[in-house]
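# Fold and contact review
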Amino acid sequence: GAVVSQHPSWVICKSGTSVKIECRSLDFQATTMFWYRQFPKQSLMLMATSNEGSKATYEQGVEKDKFLINHASLTLSTLTVTSAHPEDSSFYICSARVAGGGAYNSPLHFGNGTRLTVT
Amino acid sequence: AQKITQTQPGMFVQEKEAVTLDCTYDTSDPSYGLFWYKQPSSGEMIFLIYQGSYDQQNATEGRYSLNFQKARKSANLVISASQLGDSAMYFCAMREFQGGKLIFGQGTELSVKP
């Protein structure tokens, strides 16, 4: 159980275009989802926290107008990279917390990530 | 603010031997959880083991054990009987009761030699 599906697994787009990444919890409801970004051989950096039905909370230094996050339902959150540039090329990975699993001792369940390449 | 530190960028271990991956943390919240994740080259994050700040016993999950030393604020991962499939990036992470964000250390790349 607790499967998180992320789509697409990889995408190549041209500079200036927008890309949407989906994160779905398949067998549980997720009131909170987290979006991370990872450069090669580096750690996962939290970009934003997405709560169902409300605006996302962005970490310091993350442009909310560039990385649009929508969490419209208890099973789906989307990250849209708007007007993508080559420096946005990275590995984006989402994670979800089971509804009611707000305690600090419940592990997050991760999607398999999306490798974005902007040419 | 919470902080997680992994000081070993890369580690080598011989197959079938044990290896310890270091992790230290800092937090002012008395309630927190410590996690270890494995990330193979394919990119997915695999949850390995969890230790709570109030847990008296060190956590164990199969070949994985967590050496939790609360006073030293360390939570080292011990992998026993290493296998070739253990070669991957390993991340230590912490989540505070207040805030709930999962913050990761820099990671350690483990290579298991045959």
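Residues numbered from 1 in each chain as written. Chains lettered and ligands numbered in written order. Predicted model: local features only at pLDDT ≥ 70, side-chain atom pairs only at ≥ 80, totals over all residues. Heavy atoms only, no water.

## Points about the confidence of the model for chain A
Averaged over all residues, the pLDDT of chain A is 90; the fraction at 70 or higher stands at 93%. Element-level mean pLDDT values for chain A span from 90 in strand β10 (residues 109–110) of chain A up to 97 in strand β11 (residues 114–118) of chain A. (pLDDT = per-residue confidence, 0-100. Helix = DSSP H or I, 4+ residues; strand = E, 2+ residues; numbered from the N terminus.)

## Examining the pattern of salt bridges
Scanning all chains against the criterion turns up six salt bridges over all chains. The salt bridge involving E22 of chain A is made with R24 of chain A; its shortest N-O contact spans 3.5 Å. Look at E22 of chain A and you get partly exposed, because its relative accessible area is 24%. What makes R24 of chain A partly exposed here is its relative accessible area of 35%. Linking E59 of chain A and K101 of chain B is a salt bridge whose minimum nitrogen-to-oxygen distance equals 3.2 Å. Of the two residues, E59 of chain A sits in the loop between β6 (57–58) and β7 (67–73) while K101 of chain B sits in the loop between β10 (88–96) and β11 (102–104), which places them in two different chains. (Salt bridge = Lys/Arg side-chain N within 4 Å of Asp/Glu carboxyl O. Buried < 20%, exposed > 50% of the residue type's maximum accessible area, 1.4 Å probe, protein only.)

## Digging into the pairing of β11 of chain A
Residues and elements named next belong to chain A. Covered by surrounding structure in β11 are T114, L116 and V118 only, the residues R115 and T117 on the alternate face being uncovered. Pairing between strand β2 (residues 10–13) and β11: four bridges, direction parallel. From the neighbouring strand, V11 faces β11, where its bridge partner is L116. Inspection of the sheet shows strand β9 (residues 90–98) paired to β11 by three bridges, in the antiparallel sense. Across the sheet, S90 pairs through a bridge with L116, a residue of β11. (Pairing = 2+ DSSP bridges.)

## Topic: the sheet that holds strand β1 (residues 4–7) of chain A
All names here are of chain A. Spatial ordering of the open sheet is given by β1-β3-β8-β7, a layout of four strands whose pairing is antiparallel. Among the strands making up the open sheet, the edge pair consists of β1 and β7. When strand polarity is set aside, the average angle formed by the axes of neighbouring strands in this sheet is 15°. Where β7 meets strand β8 (residues 76–81), five bridges bridge the pair, whose relative direction is antiparallel. (Axes fitted to C-alpha atoms, helices over the stretch in contact; angles between N-to-C directions.)

## Quick notes on the state of the cysteines
Scanning all chains against the criterion turns up two disulfides over all chains. Here C23 of chain A pairs with C94 of chain A through a disulfide, and the sulfurs are 2.0 Å apart. Across the S-S bond linking C23 of chain A and C94 of chain A, the dihedral sits near 80°, which makes this disulfide right-handed. Here C23 of chain A, found in strand β3 (residues 19–25), pairs with C94 of chain A, found in strand β9; they are 71 residues apart in sequence, far enough to count as distant. The class of C23 of chain A is buried, set by a relative accessible area of 0%. Exposure remark for C94 of chain A: the relative accessible area of 0% places this residue in the buried category. Paired by a disulfide, C23 of chain B and C92 of chain B hold their sulfur atoms 2.0 Å apart. For the disulfide bridge between C23 of chain B and C92 of chain B, the dihedral angle about the S-S bond is near -65°, and by the sign convention the bridge is left-handed. Residue C23 of chain B is found in the loop between β3 (19–21) and β4 (24–26), and its partner C92 of chain B is found in strand β10; the two are separated by 69 residues along the sequence. Accessibility classification places C23 of chain B together with C92 of chain B in one group, the buried group. Left without a disulfide partner, C13 of chain A is nearest to the cysteine sulfur of C94 of chain A, which lies 18 Å away. (Disulfide = S-S within 2.5 Å.)

## Quick look at the nonpolar core
Formed by 25 residues in total, the largest nonpolar core has its most connected members in L34, W36, I49, L77, Y90 and L110 of chain B. Elements with a contribution of two residues or more to this core: β2 (10–14), β3, β5 (32–39), β6 (46–52), β8 (64–69), β9 (74–79), β10 and β12 (108–113) of chain B. M33, W35, V81 and Y92 of chain A belong to the second-largest nonpolar core, a separate cluster that totals 23 residues. (Core = buried A, V, L, I, M, F, W, Y, C linked by side-chain atoms within 4.5 Å.)

## A closer look at the environment of I69 of chain A
Residue and element names in this part refer to chain A. Its place among the elements puts I69 in strand β7. Look at I69 and you get buried, because its relative accessible area is 16%. Along the backbone, I69 and T80 are 11 residues apart, and their C-alpha atoms lie at a distance of 6.4 Å. Not counting the four nearest positions on each side in its chain, I69 is found in contact with W35, A48, S50, A56, Y58, S77, T78 and L79. (Contact = heavy atoms within 4.5 Å.)

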